[in-house]
Every structure is written in structure tokens, then in C-alpha cells.
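Here is what each chain is made of, one letter per residue.
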Amino acid sequence: MRISFAEIPPEGISRDITDVSWFPAHEVNRRGPLTATVFLQRKGARVLVEGSIAVTFQFDCDRCLGRFEMPSELDFKLDVELADPDGMGREHTCSHGEMDTMFVDEPIIDVHGILQQQVLLSIPEKKLCAEECRGLCMRCGADLNQGACGCGRQEKITPFSVLKDLAKS
Ligand SMILES: [Zn+2]
Ligand SMILES: [Zn+2]
């Protein structure tokens, strides 16, 4: 979905994005409904883009490799400006204080591109099914969230326990 700056009135327009083709499905899995809303407002030569995306991500835990779901509500605010043809800032985003500014080469808002970028930015670097996920046993590979694996128990042979076993026999 591409909207030219000229189509955007100063009072703003809002769009519900029902088409989900923008979602970067090759980068991240999701489950269930995906909804997105954007509000575009013309501010002189710039366009303010505000939006929210509701999505449930599906990740594989970095520690236990178990699949888990993470419902997310992503809110964003972007200031879109036409890049100076001789200037530097082309098609890149930079942060001035609290709001991100995106520079574009033509006076067009690529709504799908912005939604896709916001989703990619929101993917956590560390994906854990739970903060306290115990992961897999380094030795036997058992999922330690399901309880102790048992292989560690055999390792707990101390000189003292050996002596105790000897004393019994
Ligand atoms: Zn886990
Ligand atoms: Zn084990």
C-alpha cells in the first residue's frame, strides 16, 4: 500500500490494514489474526505516521528449543521526510530525540514497508519461552523444564559417597 504525500490531508487519515501480505513471513512466524492500523497526518513537507500492529509471534526458544507464542502490541510513530536529492539521508531511518525520522526518495509513504520494518525491529534478540527457562541438559539434551534429567545424578559420585558404598558392602 503506497500513499502519496499529496493524498494525505493535514487533519490526517486513518487506515485499517486487513491485507496481511506485508508480513515478513520468511523472517518470523506468527499465529492467529494479524491486525494493523495506521494514521497519517501531513505536517507541511513531512508526514507523521502513527500506527499499531497486533500480532502473535511464534518463536523457538533459544535455550530449550521449545516453540512458544508471544502476543505483541507494537505501537510506533515515525516522521517521514523527503530526502534532499544531494543530501545524505536517503532511505534510512535515524533518531532525533524521541521520534524516528525516515527519509524517502519520493513523496510516497510505503505503508507495507513501514509495517514490515516495525515488525522486524521488534523481534527480540534473545527469544526465551520464559525468563527462567532452564534449557536443555548439556550432557543428555533433556528439557530441564520438565524436571531433572537424571544423568546429573549419576555424576554426583564424591569420594565420600564411594566410601559410604564400600562401608555397606
Ligand atoms: Zn525455553
Ligand atoms: Zn542430562
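See above for the structure.
The rules behind each value
Note on numbering: residues in each chain are counted from 1, in written sequence order. Whichever chain is written first becomes A and whichever ligand is written first becomes 1, with later ones labelled in order. This being a predicted model, a pLDDT of at least 70 is required before a residue's local features are given, and a value of 80 or more before pairs of side-chain atoms are given or counted; all residues contribute to the totals for chains, interfaces and linings. Side-chain measures here rest on the full set of heavy atoms in the structure, leaving out hydrogens and waters. Coordinating N, O and S atoms are those within 2.8 Å of the metal (3.2 Å for Na, K and Ca), and as water is not part of the atoms, a site may appear to have fewer donors than expected. Note on geometry labels: four donors, all angles 85 to 135 degrees, give tetrahedral; four donors become square planar and six octahedral when opposite donors are over 155 degrees apart and every other angle is between 65 and 115; remaining cases are irregular. Think of it this way: any DSSP run of H or I at least four residues long counts as a helix, any run of E at least two long counts as a strand, and we number them from the N terminus. Per-residue accessibility, obtained with a 1.4 Å probe over protein chains only, is compared with the maximum for each type, and a residue is labelled buried under 20%, exposed over 50%, and partly exposed between these values. What a helix should span is 1.5 Å times the count of its residues minus one. The arc under discussion is defined with respect to the helix axis, by the directions toward the C-beta atoms. If DSSP finds at least two bridges between two strands, the strands pair. Only buried residues count toward a nonpolar core, which is a set of Ala, Val, Leu, Ile, Met, Phe, Trp, Tyr and Cys residues joined through side-chain atoms within 4.5 Å. The contact criterion used throughout is that any non-hydrogen atoms of two residues lie within 4.5 Å. N or O atoms within 3.5 Å of each other form a polar contact, as long as, within protein, one can give a hydrogen and the other can take it, and as long as residues adjacent in sequence are counted only when both atoms are side-chain atoms.

(A) View of the coordination of the zinc ion (ligand 1). Looking at the metal site, the zinc ion (ligand 1) is ligated by Cys61 (SG), Cys64 (SG), Cys129 (SG) and Cys133 (SG), spaced 2.3 to 2.4 Å from it. Each of the four donor atoms bound to the zinc ion (ligand 1) contributes to angles spanning 106 to 112°, and the resulting shape is tetrahedral. Positions of the donor residues of the zinc ion (ligand 1), expressed as sequence spacing, correspond to C-x2-C-x64-C-x3-C. Here Cys64 is found in the loop between β4 (46–60) and β5 (67–82), whereas its partner Cys129 is found in the loop between α1 (111–122) and α2 (151–155), with 65 residues between them in sequence. Exposure remark for Cys64: the relative accessible area of 9% places this residue in the buried category. When its relative accessible area of 35% is taken as the criterion, Cys129 is described as partly exposed.

(B) Quick peek at α1. In this model, α1 (12 residues) spans 17 Å end to end at C-alpha, consistent with the 16 Å of a helix rising 1.5 Å per residue. Among all positions in α1, only Val111, His112, Ile114, Leu115, Gln118 and Val119 are buried. Down the axis of α1, the smallest arc covering the buried residues is 165°, so these residues share one side.

(C) Structural view of the coordination of the zinc ion (ligand 2). Ligation of the zinc ion (ligand 2) by protein atoms is provided by Cys137 (SG), Cys140 (SG), Cys149 (SG) and Cys151 (SG), these donors lying 2.2 to 2.4 Å from the ion. Bound by four donor atoms, the zinc ion (ligand 2) shows angles of 102 to 121° at the metal and therefore tetrahedral coordination geometry. Positions of the donor residues of the zinc ion (ligand 2) along the chain correspond to the pattern C-x2-C-x8-C-x1-C. Since its relative accessible area comes to 43%, Cys140 is described here as partly exposed. Classification of Cys149 as partly exposed rests on a relative accessible area of 30%.

(D) Representation of the pairing of β4 in the model. Relative to β4, strand β3 (residues 29–43) runs antiparallel, the two sharing 12 bridges. Along β4, the bridge assignment pairs Thr37 with Ser52. Pairing analysis gives 14 bridges linking β4 to β5, with the strands arranged antiparallel. Bridge pairing in β5 places Ala54 opposite Glu73. Linkage of β4 to β5, two consecutive antiparallel strands, is achieved through a turn of six residues, within which Leu65 is found at a positive phi near 70°.

(E) The arrangement of the nonpolar core in detail. In this structure, Trp22, Val49, Ile53, Ile109 and Leu115 are the most contacted members of the largest nonpolar core, which totals 34 residues. When contributions to this core are tallied by element, the ones reaching two or more residues are β2 (13–17), β3, β4, β5, β7 (99–104) and α1. The greatest single-element share of this core, amounting to six residues, is contributed by β4. Once residues within four sequence positions are removed from consideration, Val49 is found in contact with Phe39, Leu40, Phe76, Lys77, Leu78, Val80, Ile109 and Ile114.

(F) Molecular detail of the environment of Asp16. Here Asp16 is to be found in strand β2. Placed 20 residues apart in sequence, Asp16 and Ala36 show a C-alpha to C-alpha distance of 6.1 Å. In this structure, Asp16 is in contact with Ala36 and Thr37, ignoring residues within four places of it in sequence. Side chain to side chain, Asp16 and Thr37 meet in a polar contact 3.3 Å long.

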